[in-house]
Amino acid sequence: MAQGSDKQCQLTMQGVQKLEDALKVRFAEIPSDSKVAEFFPPDRETVGKIRNRRGWLNLSSIDRLFKALNLEVKPKDVESKRVDIPNPFEPTGLWGCDALLRRIFEQLGKGGS
């Protein structure tokens, strides 16, 4: 899942279960975060965040741990952090230049440049 690997994500409960099942098979027990970090990337703190859904991480961190366990991160395994980005083309309130922006949009509306 290389595409969008910089987006902020965390595992869904289904993704956590998939990861925990793979760890039980690999270690024949439920390993600590430290033990997982000894054998697989990333570090212990990041492993804890992934397993316990504490905070948002880059998808690439989750993907590295999954790949080390021969797992594939599927869309149903992760949820993305929603970021509401304001519309930069909304003319009202943009940089306090309402009058200037209104004139620009009027001129563009008339076919001017």
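Model, not experiment: these values are computed from the prediction.

(A) Expanded view of the side chain of Asp77. Residue placement: Asp77 occurs in the loop between helix 4 (59-68) and strand 3 (78-80). Beyond its immediate sequence surroundings of up to four residues, Asp77 is in contact with Gln10, Leu11, Thr12, Gly15, Lys18, Phe66 and Glu72.

(B) The arrangement of helix 4 in detail. Looking at helix 4, one finds that the buried residues are Leu59, Ser61, Ile62, Asp63, Leu65 and Phe66. At its buried positions, helix 4 is contacted by strand 1 (8-11), helix 1 (13-27), helix 2 (33-39), helix 3 (44-52), strand 2 (57-58) and strand 3. Just beyond helix 4, the residue with positive phi is Asn70, at close to 60 degrees.

(C) Main features of the packing of aromatic side chains. According to the stated counting rule, one finds two aromatic pairs in the structure shown. Here the aromatic rings of Phe27 and Phe39 are separated by 5.4 Å at their centres, their planes lie at 70 degrees, and the arrangement is edge-to-face. Highlighted residues: Phe27 in helix 1 and Phe39 in helix 2, separated in sequence by 12 residues. Accessibility expressed as a relative area gives 13% for Phe27, which makes it buried. Above the face of the Phe39 ring, Arg26 is positioned so that its terminal group lies 5.4 Å from the ring centre.

Basis of the calculations
- Residues numbered from 1 in each chain as written.
- Predicted model: local features only at pLDDT ≥ 70, side-chain atom pairs only at ≥ 80, totals over all residues.
- Heavy atoms only, no water.
- Helix = DSSP H or I, 4+ residues; strand = E, 2+ residues; numbered from the N terminus.
- Contact = heavy atoms within 4.5 Å.
- Buried < 20%, exposed > 50% of the residue type's maximum accessible area, 1.4 Å probe, protein only.
- Phe/Tyr/Trp six-rings, centres within 6.5 Å; stacked < 30°, edge-to-face > 60°.
- Lys NZ or Arg CZ within 6 Å of the ring centre and 35° of its normal.

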